[in-house]
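# Structural description and commentary
So the chains spell out like this:
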Amino acid sequence: MAEDSESSAGGSAEVRMVLLGQTGSGRSSSGNTILGRSAFWSDVSPLSVTSRCQRSGGVVDGRSLRLIDTPGFFHTCLSPDEVRAELSRCVELSAPGPHVFLLVLRAGRVTRESSAALDWVSAAFGPQALRFTTVLITSGDALRDKPADVFLKESEELWEFVCSCAGGYHVFDNTKGAEERSQVTELLEKTDLLMERNAGAHYTADMLLQADSAVRHTQQRILGDDQEEDEEARKRTEGLFWYELLTAMGRGAVEASGVMEKGKGKGKKVKAVQRVAAIASTPLSITSAAKVMGGAMREGTKVLYKHKKMLLH
């Protein structure tokens, strides 16, 4: 059984653990199983029970533990930004940083949400977090006689993720509670090996800043791509507008000059090159020049009126 963290034995090296996972995965129950007491509120509910990071601790098997429970990745009451903010707080509450992230997954069918939960770790904490991650499978009784590695290999995505985690995986049956402490002892032994492999290093606030910076950079790049697409669309629209305007003004000038009679399908029509050549070779008096300008302005005004909404935007 765990003693309260306030009365932890002095001198023992503290092990800092953060519980991560989607809503309903059994994070809080796993924390209670590890500590051997009801330190975190857990309940069977379709709603997320944990809405803010919670900290508790104690001495378990001679180790001083500090556990941080976090809101579910797909919290039913918090926005994704609020969840990310709370997840960031878990690093502060485990200062100077956690030795291990326990990514809690419930045994059973791999859903779209459980697959997305795998991406959340790298997205929220950066790829360096995998050096400190162990996958904790809950509801181990649901596996019955099926070995855990067989269950994991049934999903190529899940198995690849577990293989990328330096801490591997562990299976919990939270219904056993204090009756079966060997599963907790085995988890802590795996954590010892992970810490030894990392030479005692832990996840840091700087790593979190780098991960957050990468997320913001990606968001800005996506927004930038959208803006570039909007800019390209605007340029195409403007190009078509100017082409239509100049064409209309040229048509109006030709019609006004008398080279081509006004009207659709009426009078003699000449090709565009011939129209320009005809105007260029015809001496223009002030009157005829005024007519040419008037025709150009008349047709140009029609185009401007047609696109006035775009011009005023």
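Coordinates for the structure precede this section.
The structure presented is a predicted model; accordingly, all values stated were derived computationally and were not measured. For every chain, the first residue of the written sequence is number 1, and numbering continues from 1 along that sequence. Given that the model is predicted, a residue must reach a pLDDT of at least 70 before its local features are reported, and side-chain atom pairs must reach 80 or more before they are shown or counted; all residues, however, enter totals for whole chains, interfaces and linings. Each side-chain value is derived from all of the structure's non-hydrogen atoms; neither hydrogens nor water enter the calculation.

### Considerations on the overall build of the protein chain
- Per the convention used, a helix needs a DSSP run of H or I reaching at least four residues, while a strand needs a run of E reaching at least two, with both numbered from the N terminus. Regarding its fold elements, the protein chain presents 10 helices and 6 strands.
- Every residue pair with non-hydrogen atoms within 4.5 Å of one another is taken to be in contact. A sequence separation of at least 24 residues applies to 73% of the contacts in the protein chain between residues at least 6 apart.
- Surface accessibility follows the Shrake-Rupley procedure with a 1.4 Å probe radius. Residue values consider only the protein chains on display as shielding. For the protein chain, the exposed area adds up to about 17,700 Å²; of that, 55% sits on carbon and sulfur atoms.

### A closer look at the sheet that holds strand β3 (residues 63–69)
- Read from one edge of the open sheet, 6 strands run β2-β3-β1-β4-β5-β6, paired in mixed fashion. The two strands at the open ends of the sheet, each matched to only one other strand, are β2 (54–60) and β6 (169–171). For this sheet, the mean inter-axis angle between neighbouring strands, taken without regard to orientation, is 25°.
- The criterion for strand pairing is that DSSP finds at least two bridges linking the strands in question. Across 7 bridges, β2 lies against β3 in antiparallel orientation. Within β3, the position partnered with S56 by the bridge is L67.
- Only the stretch in contact is used when fitting a helix axis, every axis being a line fitted to C-alpha atoms; angles between N-to-C directions are given from 0 to 180 degrees. Sitting on the sheet, helix α3 (residues 112–125) is in contact with β1 (14–21), β4 (100–106) and β5 (133–138), with an inclination near 155° to β4.
- Set on the sheet, helix α6 (residues 182–197) makes contact with β1, β2, β3, β4, β5 and β6; between it and β6 the angle comes to about 170°.

### A look at unusual backbone geometry
- Going from A95 to P96, the amide bond is cis rather than trans, its omega being 5°.
- Structurally, P96 can be placed in the loop between α2 (80–93) and β4.
- Although it is not a glycine, D61 adopts a positive phi angle of roughly 50°.
- Looking at the secondary structure, you find D61 in the loop between β2 and β3.
- Residue S139 is not a glycine yet carries a positive backbone phi of 55°.

### Digging into α3
- Residue count minus one, scaled by 1.5 Å, sets the expected span of a helix. Taking 1.5 Å per residue as the helical rise, α3 with its 14 residues ought to reach 20 Å, and the 20 Å between its terminal C-alpha atoms agrees with that figure.
- Here the bend at a residue is taken as the angle between two axes, fitted respectively to the seven residues that end there and the seven that start there. At D119, α3 shows its maximal bend, which comes to roughly 30°.
- Each residue's exposure class comes from its accessible area (1.4 Å probe, protein chains only) as a fraction of the maximum for that residue type: buried when under 20%, exposed when over 50%, partly exposed otherwise. Among all positions of α3, only S114, S115, A117, L118, W120, V121, A124 and F125 are buried.
- Of the residues trailing α3, G126 is marked for its positive phi of about 90°.

### Some remarks on the state of the cysteines
- Disulfides are defined as cysteine sulfur pairs within 2.5 Å. Across all of its chains, the model carries 0 disulfides by this definition.
- In this structure C53 is not part of a disulfide, and its nearest cysteine sulfur, from C90, lies 5.4 Å away.
- For C53, a relative accessible area of 10% gives the class buried.
- For the unlinked cysteine C165, the closest cysteine sulfur is that of C163, found at 9.0 Å.
- Judged by relative accessible area, which is 5%, C165 ranks as buried.

### Considerations on the pairing of β5
- Counting buried residues in β5 gives 6 out of 6 residues, a clear majority hidden from the surface.
- Side chains T133, V135 and I137 project from β5 onto one buried face, and the interleaved T134, L136 and T138 project onto a second face that is buried too.
- By convention, orient the strands away from the viewer: a clockwise path from the first strand over the helix to the second makes the crossover right-handed. Once the chain exits β4 it traverses α3 before rejoining the sheet at β5, and the crossover so formed is right-handed.

### Examining the side chain of R66
- Looking at where R66 falls in the secondary structure, it is placed in strand β3.
- Two N or O atoms count as a polar contact when they lie within 3.5 Å, although within protein this holds only if one can serve as hydrogen donor and the other as acceptor, and sequence-adjacent residues are included solely when both atoms are side-chain atoms. Looking at R66, its side chain comes within polar contact range of the side chain of E14, at 2.7 Å.
- Reaching out from R66, the side chain makes a polar contact with the backbone oxygen of L93 at a distance of 2.7 Å.
- Once residues within four sequence positions are removed from consideration, R66 is found in contact with E14, V15, R16, M17, R55, S56, G57, L93, S94 and A95.

### Some thoughts on the layout of surface pockets
- Reported here for the second largest pocket is a volume of approximately 320 Å³.
- Think of a 1 Å grid over the protein atoms and nothing else: a 1.4 Å probe that fits but is trapped marks a cavity, an open set flanked by protein within 12 Å on at least five of seven lines marks a pocket, and residues with an atom within 4 Å of a point count as lining. As for the second largest pocket, its lining consists of 15 residues, and the residues nearest its centre are R84, A85, S88, D212 and R216.
- Secondary-structure elements contributing two or more residues to the lining of the second largest pocket are α2, α3 and α7 (205–257).
- For the lining of the second largest pocket, the element with the most residues is α7, which contributes 7 residues. Grid points are joined across faces, edges and corners, and a volume is the space filled by probe spheres set on the points.

### What to know about the nonpolar core
- What we call a nonpolar core is a set of buried Ala, Val, Leu, Ile, Met, Phe, Trp, Tyr and Cys residues that are connected through their side-chain atoms within 4.5 Å. Counting 37 residues, the largest nonpolar core has L20, F125 and Y203 as its most contacted members.
- When residues of this core are traced back to their parent elements, those giving at least two are β1, α2, β4, α3, β5, α4 (148–153), α5 (156–164) and α7.
- When residues of this core are assigned to their parent elements, the largest contribution, 6 residues, is made by α3.
- If near-sequence neighbours (up to four positions away) are discounted, L20 is found in contact with R27, T70, F73, L87, F101, L102, L103, V104, V121 and F125.

These results come straight from atomic positions and should not be treated as a statement about function.
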